[in-house]
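Residue-level listing of the chains:
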Amino acid sequence: MKHKPANNLSEVNFWLQRLSKTSLRAIHIMGIVGAGGGIIVGADKQLWINYWIAAMVTGCLLLAWEVIRDWRWLIQLKGVLTLVKVAMLALFIPLAEFKTEIFLFIILLSVVVSHGPAGLRHYSVVHRKKIDTKKEIKG
């Protein structure tokens, strides 16, 4: 069965975007796991810093991808909670003794954002209701 591309993209463009986003997300998750393991067990920073860098770079790229695709992502709960997670990362500096707890809370928020029902993820904090945006490329 042939896949119908989203947003009237050509088949090639659809698959290129889908595989690119999936690859970015895979590297992001590997970075989170590597850095998170180091943070949680209190390992020397040199052992997990490259994972941290990979997670931050791919996270920024995925965030930019969503905003460029449709700016309304920023007012949907999935975008707002993603920005909250970024702000929580900044707490690593003043609250360094709570890095593990902050990291674990960010992971919990990530699960809600990624796996929550569409009505929750697409809820607009501005409109106070679910809003639909451009059809997204999963990945």
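Our subject is the structure that appears above.
Criteria and cut-off values
Residues numbered from 1 in each chain as written. Predicted model: local features only at pLDDT ≥ 70, side-chain atom pairs only at ≥ 80, totals over all residues. Heavy atoms only, no water. Salt bridge = Lys/Arg side-chain N within 4 Å of Asp/Glu carboxyl O. Helix = DSSP H or I, 4+ residues; strand = E, 2+ residues; numbered from the N terminus. Buried < 20%, exposed > 50% of the residue type's maximum accessible area, 1.4 Å probe, protein only. Core = buried A, V, L, I, M, F, W, Y, C linked by side-chain atoms within 4.5 Å.

Trainee: Just checking my understanding: could you explain the pattern of salt bridges for this structure?
Mentor: Pairing is possible between side chains of opposite charge, provided their charged atoms come close. All told, the structure shown has four salt bridges when counted by the stated rule. Salt-bridge contacts for E66 lead to R69; the nearest nitrogen and oxygen are separated by 3.1 Å. With E66 and R69 both in helix α2 (residues 45-69) and three residues apart, this pair spans about one turn of that helix. Residue classification places E66 among the buried positions, given a relative accessible area of 8%. Residue class for R69 comes out buried when judged on its relative accessible area of 11%. Put simply, R72 and D70 hold a salt bridge, and the shortest N to O gap is 2.8 Å. We classify R72 as partly exposed; its relative accessible area is 27%. Relative accessible area serves as the criterion here: at 3%, D70 is assigned to the buried category. Salt bridges sharing common partners tie together K21, E66 and R69.

Trainee: Just checking my understanding: could you explain the nonpolar core for this structure?
Mentor: Nonpolar side chains in soluble globular proteins generally cluster together in the buried interior. Within the largest apolar cluster, 14 residues are counted, with the highest numbers of intra-cluster contacts made by I39, W48, W52, L81, M88, F92 and I102. Residue assignment for this core shows that the elements contributing at least two residues are α1 (11-41), α2, α3 (77-90) and α4 (99-115). The leading source of residues in this core is α4, at five residues.

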